[in-house]
Amino acid sequence: MQSFLRITSFLLILMTVGTFANHIAMVSSYGTTSTTKTTKMTKNLSSRSQFLKALLTSTVVATIQPTESKASEEKRYNLSPSEIAAIVEEDLVKNSFLTNGKLTRSIYDEKATFTDEIDTYGLDQWIKGTSKLFVGPPGSRVSLVGPMEANDKKVEFRFEEDLMFNIPFKPVVNLSGRVVLDRDEKTGLITSYREYWDQDVKTVLLSAKFK
């Protein structure tokens, strides 16, 4: 039974991760659950990626409902390195933003991009996707490893986390790495979020365990 759960969860995680950006785009346009049967969707699909995207849509889109974007917070321009580092550290340590998307929006440019080992997303995409596709604390856990480093050009930190996917069987994967947040020279706002994992994607997925 454990082997069956591991294989099934691995496939679900693979589909979730592999189609993350496309799925988030669907969130804004889907108001009801797709009723198309998987057997019909597999016809005329020219690649495995298309099949995975179609299957994912039919199985988990019902768990994600459209959400309205919060009005842009008043931006906090040109914060000192220590000020912006303190905010990011609180977002990580107290809010666990890597697991639930609860970041301090006022320090980010509205056109900021978020890139991990899978794809690149916009600010709203990343916030909504992270909050919907993963289970926040206590299901997930994230820790700051070492000091938060910051200057006028960037903020950088290392992390280690247990990340629970909001899919059947609630598998949890473990990963570690670093995040680099680039700042705009004129405004001091964060314009780029970039994750660098210590492990490759396959290793992360194979680490799946069940709570």
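Look up a bit, the structure's there.
Owing to the predicted nature of the structure, the values given are computational and were not obtained by experimental measurement.

*Asks:* Which parts of the structure should I look at to understand the overall build of the chain?
*Replies:* Each helix and strand counted, the chain has eight helices and eight strands in total. Across the 211 residues in the chain, those meeting the buried criterion constitute 43%. Considering only contacts within the chain whose residues lie at least 6 apart along the sequence, 64% involve residues at least 24 apart. Summed over its atoms, the accessible surface of the chain is roughly 11300 Å², and 52% of this surface lies on carbon and sulfur atoms.

*Asks:* Explain the pairing of strand 1 (residues 108-115) to me, please; I cannot follow it from the model alone.
*Replies:* For strand 1 and strand 7 (residues 190-197), the ladder comprises four bridges, and the chain directions are parallel. Looking at strand 7, one finds that F114 is bridged to Y193. Where strand 1 lies against strand 2 (residues 120-122), three bridges are found, and the strand directions are antiparallel. Its bridge partner being in strand 2, T115 is matched across the sheet by T120.

*Asks:* Would you mind going over the nonpolar core with me for this structure?
*Replies:* Generally speaking, a soluble globular protein has its nonpolar side chains buried in company with each other. Core analysis: the biggest nonpolar cluster contains 35 residues, and F97, F114, F157 and L181 have the highest contact counts within it. Within the residue set of this core, elements represented by two or more residues are helix 5 (81-93), helix 6 (97-100), strand 1, helix 7 (123-133), strand 4 (141-150), strand 5 (154-165), strand 6 (171-183) and strand 7. Dropping the residues within four chain positions of it, F157 is found in contact with V88, L92, F97, L98, L144, M148, G177, R178, V179 and L181.

*Asks:* What is the right way to read the packing of aromatic side chains from this model?
*Replies:* For any pair of aromatic rings, geometry is given as the distance between the ring centres together with the angle between the planes. For the structure shown, the criterion picks out seven aromatic pairs. Between W126 and Y193, the aromatic rings sit 5.4 Å apart at their centres with planes inclined by 50°, giving tilted as the arrangement. Of the two residues, W126 is situated in helix 7 and Y193 in strand 7; the sequence distance between them amounts to 67 residues. The class for W126 is buried, based on a relative accessible area of 4%. Taken together, F97, Y108, F114, W126 and Y193 form an aromatic cluster joined through their ring pairs. It is R178 that lies over the ring of Y196; its NZ or CZ is 4.3 Å from the centre. When the ring centre of Y196 is taken as reference, the NZ or CZ atom of R194 above it lies at 4.4 Å.

About the cut-offs
Residues numbered from 1 in each chain as written. Predicted model: local features only at pLDDT ≥ 70, side-chain atom pairs only at ≥ 80, totals over all residues. Heavy atoms only, no water. Helix = DSSP H or I, 4+ residues; strand = E, 2+ residues; numbered from the N terminus. Buried < 20%, exposed > 50% of the residue type's maximum accessible area, 1.4 Å probe, protein only. Contact = heavy atoms within 4.5 Å. Areas by Shrake-Rupley, 256 points an atom, 1.4 Å probe, with all protein chains shown as cover. Pairing = 2+ DSSP bridges. Core = buried A, V, L, I, M, F, W, Y, C linked by side-chain atoms within 4.5 Å. Phe/Tyr/Trp six-rings, centres within 6.5 Å; stacked < 30°, edge-to-face > 60°. Lys NZ or Arg CZ within 6 Å of the ring centre and 35° of its normal.

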